[in-house]
Amino acid sequence: MIKVKNVSKVYRGRDGHSVGALQDVNLEIKEREFVVITGPSGSGKSTLLFTLGAMLQPTSGEVLLDGVRLYDLTPAERAEMRRLQVGFVFQTFN
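Residues numbered from 1 in each chain as written. Predicted model: local features only at pLDDT ≥ 70, side-chain atom pairs only at ≥ 80, totals over all residues. Heavy atoms only, no water.

What about the layout of surface pockets?
Using the following cut-off: Grid points spaced at 1 Å and placed over the protein atoms alone form the basis of the search, with a cavity being a set where a 1.4 Å probe fits but cannot get out and a pocket an open set showing protein on both sides within 12 Å along at least five of seven lines. Lining residues have an atom within 4 Å of a point. Grid points are joined across faces, edges and corners, and a volume is the space filled by probe spheres set on the points. Under the scheme used here, helices are H or I runs from DSSP no shorter than 4 residues and strands are E runs no shorter than 2 residues, and both carry numbers assigned from the N terminus. Charged residues are taken to be Asp, Glu, Lys and Arg, nonpolar residues to be Ala, Val, Leu, Ile, Met, Phe, Trp, Tyr, Cys and Pro, and polar residues to be all remaining types, Gly included.
Considering only enclosed or pocket space, the largest pocket measures out at about 1100 Å³ in volume. Surrounding the largest pocket, 31 residues form its lining, V35, L49, G87, F88 and V89 being those nearest its centre. If you tally residues by element for the lining of the largest pocket, the top one is helix 1 (residues 45-52), at five residues. Counted by class, the lining of the largest pocket contains 16 nonpolar, nine polar and six charged residues.

Structural data, given as structure tokens:
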């Protein structure tokens with residue numbers, strides 16, 4: 001199960017300007033559950049997917065996979081977890 005607790009992601013530009021991509025997101029995806037994420041361009045879909053896939057650390061909050069806090073793992077451990085437990089279906093061929 002993937003659990004997202006109070007996740008926010010803020011991007012900071014070189015000029016110091018901040019852009020909020022995710023704000024206080026809470027989500028639970030159970031094992032074998034099929035989830036579709038839709039929304040307009042710029043709404044945070046890719047940021048959420050990268051965060052769920054342990055590729056983009058949130059600014060705040062936590063992401064758990066089967067009770068393990070993903071961002072407490074090393075990059076190598078996260079890569080191994082992705083290889084074994086996470087899959088993405090893309091809209092276009094990648």
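More follows now that the structure is in view.
Section: the side chain of T51
Applicable threshold: Three exposure classes are used, based on accessible area relative to the maximum for each residue type with a 1.4 Å probe and protein chains only: buried under 20%, partly exposed in between, and exposed over 50%. Side-chain atoms alone can form a polar contact between residues adjacent in sequence; in general such a contact is a pair of N or O atoms within 3.5 Å, and within protein one must be able to donate a hydrogen while the other accepts it. Only heavy atoms matter for contacts: two residues are in contact if any of them lie within 4.5 Å across the pair.
Looking at the element boundaries, T51 is found in helix 1. A relative accessible area of 1% places T51 in the buried class. A polar side-chain atom of T51 sits 3.3 Å from the main-chain carbonyl oxygen of L56. When near neighbours in sequence (up to four residues on either side) are disregarded, T51 contacts V7, L22, L56, P58, V63 and Y71.

Quick word on the packing of aromatic side chains
How we decide: Stacked, edge-to-face and tilted are the three classes for Phe, Tyr and Trp ring pairs, Trp counted by its six-membered ring, which pair at centre distances within 6.5 Å; planes under 30 degrees apart are stacked, over 60 edge-to-face, the rest tilted. Whether a charge lies above a ring is judged from NZ of Lys or CZ of Arg, which has to be within 6 Å of the ring centre and within 35 degrees of the ring normal.
Inspection of the entire model under this criterion finds zero aromatic pairs. For K9, the ring lying beneath its charged end belongs to Y11, and the centroid distance is 5.5 Å.

With respect to the sheet that holds strand 3 (residues 60-65)
For clarity, the cut-off: If DSSP finds at least two bridges between two strands, the strands pair. Lines fitted to C-alpha atoms define the axes, with helix axes restricted to the stretch in contact, and inter-axis angles between N-to-C directions lie between 0 and 180 degrees.
Ordered by their spatial adjacency, four strands build an open sheet running 2-1-3-4, and the pairing between neighbours is antiparallel. The strands lining the two open edges of the sheet, one partner per strand, are strand 2 (18-29) and strand 4 (68-69). In this structure, strand 1 (residues 2-12) lies alongside strand 2, joined through eight bridges in antiparallel fashion. Its bridge partner lying in strand 2, K9 is registered against L22. Sheet contacts for helix 1: strand 1, strand 2 and strand 3; angle to strand 2, the most-contacted strand, approximately 55 degrees.

What about the pairing of strand 3?
Both strand 1 and strand 3 contribute to a ladder of five bridges, which runs antiparallel. Residue V4 lies in a different strand from strand 3, and its bridge partner there is V63. Where strand 3 and strand 4 come together, two bridges link them in antiparallel fashion. Within strand 4, the residue paired with L65 across the bridge is V68. Count of turn residues in the strand 3/strand 4 antiparallel hairpin: two residues, of which D66 carries a positive phi of about 50 degrees.

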